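A structural walkthrough
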Amino acid sequence: MAFTDIKLEHKQQALADLRSVKELFASRGWFAGTSGNLSVRVGDFTPDEFYFAITASGKDKTVHTPEDYLFVDKNGKACEATNLKPSAETLIHNEIYRLTGAGAIFHVHSVYSAVMSEWFWERRAVPVDGVELIKGLNIWDEEAHIDIPIVSNFAEIPRIVPEVTERLDKRIPGIILRKHGIYAWGANAFEAKRHIEAFEFLFEYVYRWEMLNGKK
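Residues numbered from 1 in each chain as written. Predicted model: local features only at pLDDT ≥ 70, side-chain atom pairs only at ≥ 80, totals over all residues. Heavy atoms only, no water.

Here we take up the overall build of the chain. If you tally the helices and strands in the chain, you get five helices and eight strands. Listing the helices and strands of the chain from first to last along the sequence gives α-β-β-β-α-β-α-β-β-α-β-β-α. The burial tally for the chain puts 49% of its 216 residues in the buried class. A fraction of 65% describes how many contacts in the chain between residues 6 or more apart in sequence connect residues 24 or more apart. Summing over all exposed atoms, the chain offers an accessible surface of approximately 10800 Å²; the carbon and sulfur share of this is 50%. Side chains of the chain carry 26 positive and 31 negative charges; the gap between the two charge centres is 3 Å. (Helix = DSSP H or I, 4+ residues; strand = E, 2+ residues; numbered from the N terminus. Buried < 20%, exposed > 50% of the residue type's maximum accessible area, 1.4 Å probe, protein only. Contact = heavy atoms within 4.5 Å. Areas by Shrake-Rupley, 256 points an atom, 1.4 Å probe, with all protein chains shown as cover. Lys, Arg positive; Asp, Glu negative; His and termini not counted. Charge placed at Lys NZ, Arg CZ, Asp CG, Glu CD.)

Looking now at the packing of helix 2 (residues 90-100) against helix 4 (residues 157-167). Interhelical geometry of helix 2 versus helix 4 gives an angle of 20° and a closest axis separation of 9 Å. What the angle tells us is that helix 2 and helix 4 run roughly parallel. Crossing hand, helix 2 versus helix 4: right-handed. Judged by residue contacts, Leu91, Ile92, Glu95, Ile96, Arg98 and Leu99 of helix 2 engage Ile157, Pro158, Ile160, Val161, Val164 and Thr165 from helix 4. Partitioned by chemical class, the residues of the contact of helix 2 with helix 4 number nine nonpolar, one polar and two charged. (Axes fitted to C-alpha atoms, helices over the stretch in contact; angles between N-to-C directions. Parallel < 35°, antiparallel > 145°, perpendicular 65-115°, else oblique. Left-handed = near helix turned anticlockwise from the far one by under 90°. Nonpolar A, V, L, I, M, F, W, Y, C, P; charged D, E, K, R; others polar.)

Relative to the assigned elements, aspartate 60 resides in the loop between strand 2 (49-55) and strand 3 (69-73). Taking C-alpha positions, aspartate 60 is 7.2 Å from glycine 33, a pair spaced 27 residues apart along the chain. Here threonine 62 takes part through its side chain, which lies 2.7 Å from a polar atom of the side chain of aspartate 60. (Polar contact = N/O pair within 3.5 Å; in protein donor to acceptor, adjacent residues only side chain to side chain.)

Laid out in structure tokens, this is it:
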């Protein structure tokens, strides 16, 4: 499917979803500075061909403007004539879409995700045991244990992608960049939002539990 074959209303829905989620996450303080990025896939998917709308680089996500988003292809290249640049981390979105076929990917910066990624860096995953909000990730095992993967945060984004490829766990719809923030995805914008919210609750829970128990 070519980008021009994707129905206009599908593209408009993707932009509407991004606007709604951006506004909500901004109200929660998850876009400090111009950080974070959001994307929603449009049209059919194969690992070799897909398209998505993504936040433009360097924009204030606490306001809405006509220059907030653009559409890109599987290589992160703009599908339409534009002066906008996609998020610097678009290559990570490309790889997550390719590996999972997700419908939306949201990346936010929060203090708890950054702190926990450093606290557990040596084990390369944040462990969570038996917390109710694990169910928010569609994992329904009683007293479930999960390990949320952590990958390196290099200045050169292409160096991060191989670690995402290696460490991504398809059972866990999220991956953390060290001292940076969480990427979460889902079949659609609603599911990706739910996953982000569940992860953020779990990070805060683990942080408080670790501090209460004086663990190292």
